[in-house]
Amino acid sequence: MVNQLPETEVLRKRLALLKADVASLQVELAHLRTENARLQAENAELRRRLGLNSQNSHKPPSSDGYRRKRIQPALPKGKKPLGGQPGHKGKSLRAVLMEHEDAVPALALVEGVPFTNNQAERDLRPAKVKQKVGGYFRTDPGAAVYAGLQAVISTCRKQERNVFVTLRNLFAHQPVSLRPGG
């Protein structure tokens, strides 16, 4: 029995050391668990922030970066429905032609009638440029004078007349005919 006594004493000491190691490991495990929970919460917050952009937060669009926004088509290619948006009264070419049926033959029967309104837009362009540069006409009579002069200039150009001579004659109160060939 004497031989067994030191051996049990050694085992008891070892057991005490192992219990102390287990206790310290349990404390470390508790610490690691709280650290893990903190890191998971931080990770979730960072993922939430990473998903923020100008669409779902107060951030300006310039903070979105240079990624190209993906736009997914509403319908697969080739499967789009025909016609306009629901509720919109569309105008087909046939409806427009029927609405202006008295003017349509002029396009085909009268020589020199253009099919487009490009000339009318060209005639309006100088007035719009003047309005944009100046911002406005100061008075209604001033706008009317400008429109009248611009009409004379445009007519002279179309009839290949000398614009300067025509304007000089107008301002000198000499009779001027703006009819073609006149």
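One can find the structure itself at the top, above this paragraph.
So, here's what we can say about the structure. These numbers come from a predicted model, not from an experiment.

To continue, consider the overall build of the chain. The number of helices and strands found in the chain is 6 helices and 0 strands. Order of helices (α) and strands (β) in the chain, N terminus to C terminus: α-α-α-α-α-α. Counting over 182 residues, the chain shows a buried share of 5%. Intrachain contacts of the chain at a sequence separation of at least 6 include 10% that bridge at least 24 residues. Of the roughly 17,300 Å² of accessible surface on the chain, a fraction of 59% belongs to carbon and sulfur atoms.

Secondary-structure assignment places Leu 178 in the segment after helix 6 (163–171). The spatial distance from the C-alpha of Leu 178 to the C-alpha of Arg 161 is 9.6 Å, given a sequence separation of 17 residues.

Evaluation of the coordinates by the stated rule reveals 5 salt bridges. Between Arg 38 and Glu 42 there is a salt bridge; the shortest N-O distance is 3.1 Å. In this pair, Arg 38 and Glu 42 are both assigned in helix 1 (residues 4–50), 4 residues apart and thus about one turn of the helix distant. Two residues, Glu 45 and Arg 49, come together in a salt bridge whose shortest N-O distance is 3.1 Å. Highlighted residues: Glu 45 and Arg 49, both in helix 1, separated by 4 residues, approximately one helical turn. Residues participating in the shared-partner salt-bridge network are Glu 35, Arg 38 and Glu 42.

Parameters at a glance
- Residues numbered from 1 in each chain as written.
- Predicted model: local features only at pLDDT ≥ 70, side-chain atom pairs only at ≥ 80, totals over all residues.
- Heavy atoms only, no water.
- Helix = DSSP H or I, 4+ residues; strand = E, 2+ residues; numbered from the N terminus.
- Buried < 20%, exposed > 50% of the residue type's maximum accessible area, 1.4 Å probe, protein only.
- Contact = heavy atoms within 4.5 Å.
- Areas by Shrake-Rupley, 256 points an atom, 1.4 Å probe, with all protein chains shown as cover.
- Salt bridge = Lys/Arg side-chain N within 4 Å of Asp/Glu carboxyl O.

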